[in-house]
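# Summary of the model geometry
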Amino acid sequence: MNKWWLIILLVVGLSVPATVEAATVDQQFEQQQPDAEDQPVKSAVSSVGTAIKLILSMVVVIGGFLVLVRWLNARTQGVKTAQHLTHLGGVPLGKDRSVQLVKLGEQVYVLGVGDSIQLLDRVDAEAMDEAVHDAPALNTSNTSAFLDTFKQQLAQIEEVRKKR
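### Some words on a nonpolar patch on the surface
On the surface, Trp4, Trp5, Ile7, Ile8, Val11, Val12 and Val16 cluster together into a nonpolar patch covering about 700 Å² of accessible area. Structurally, Val11 is set in helix H1 (residues 2-15).

Spelled out as structure tokens, the structure:
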């Protein structure tokens, strides 16, 4: 519905004739003489007409810009959703250095990111999912008391987040 109003305003704005009065220096000088008081002044009428044309022009230009932006957004939306690349997360290792997990199709890639990007490992997505589900929640035989307490606190925080 909004598109039709913009099109109608565009057609009306373009169909209104724009009049430009060209005058020579002599004609302008004669109009400024004191004996020209008997001629009616059209400045108020032309000012209102100019203001209306200005407002209509601005509406047409801004409306056309908005329609163009929405159209471009709709055309590029399909490109964004067609990508099969998913960023799973990353861990910073230092200044400008990190390890990133990227899923592409059925493969999960472990990438080292620094001055350059290097492939560190390649894992099947199914094998990674199974490893995550099969991993024990807490392995207390080889860990310190601090690590056990830390893992318990993380588990409690995750439960609180899931409840929200």
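### Description of the sheet that holds strand S4 (residues 117-124)
Whether parallel or antiparallel, the strands of a sheet pair through hydrogen bonds between backbone atoms. As summarised here, the arrangement of the four strands in space is S1-S2-S3-S4, forming an open sheet in which the pairing is antiparallel. Only two strands of the sheet have a single partner each, and these edge strands are strand S1 (85-94) and S4. Going across the sheet, the axis of each strand differs from the next one's by a mean of 20°, ignoring polarity. Where S1 and strand S2 (residues 97-104) come together, eight bridges link them in antiparallel fashion. Note on S2: the bridge partner recorded for Val91 is Val99.

### Some details on the pairing of strand S3 (residues 107-113)
Burial of S3 is one-sided: the residues Val108, Val110 and Gly112 facing one way are buried, the residues Gln107, Tyr109, Leu111 and Val113 facing the other way are not. Where S2 and S3 come together, seven bridges link them in antiparallel fashion. Counterpart to Val99 in the pairing with S3 is Gly112. The antiparallel pairing of S2 with S3 creates a hairpin that spans two residues between the two strands, and Gly105 there sits at a positive phi of about 70°. Pairing of S3 with S4, which is carried by seven bridges, proceeds in the antiparallel orientation.

### Re the pattern of salt bridges
Tallied over the full model, the rule gives one salt bridge. A salt bridge links Asp115 to Arg97; the nearest nitrogen and oxygen atoms lie 3.8 Å apart. Within this pair, whereas Asp115 is found in the loop between S3 and S4, its partner Arg97 is found in strand S2, the two being separated by 18 residues in sequence. Assessed through its relative accessible area of 73%, Asp115 is described here as exposed.

### With respect to the side chain of Ser98
Turning to its location among the elements, Ser98 is positioned in strand S2. Residue Ser98 is classed as buried on the basis of its relative accessible area of 14%. A polar side-chain atom of Ser98 sits 2.9 Å from a polar atom in the side chain of Gln100. With sequence-adjacent residues up to four places away left out, Ser98 is seen in contact with Val91, Pro92, Leu93, Leu111, Gly112 and Val113.

### Focus on unusual backbone geometry
Look at Asp96: it is not a glycine, yet its phi comes out positive at around 60°. Inspection of the secondary structure puts Asp96 in the loop between S1 and S2.

Rules used throughout
Residues numbered from 1 in each chain as written. Predicted model: local features only at pLDDT ≥ 70, side-chain atom pairs only at ≥ 80, totals over all residues. Heavy atoms only, no water. Patch = residues over 30% accessible without salt bridge, like charges linked within 9 Å, V, L, I, M, F, W, Y side chains within 5 Å. Areas by Shrake-Rupley, 256 points an atom, 1.4 Å probe, with all protein chains shown as cover. Salt bridge = Lys/Arg side-chain N within 4 Å of Asp/Glu carboxyl O. Helix = DSSP H or I, 4+ residues; strand = E, 2+ residues; numbered from the N terminus. Pairing = 2+ DSSP bridges. Axes fitted to C-alpha atoms, helices over the stretch in contact; angles between N-to-C directions. Buried < 20%, exposed > 50% of the residue type's maximum accessible area, 1.4 Å probe, protein only. Polar contact = N/O pair within 3.5 Å; in protein donor to acceptor, adjacent residues only side chain to side chain. Contact = heavy atoms within 4.5 Å.

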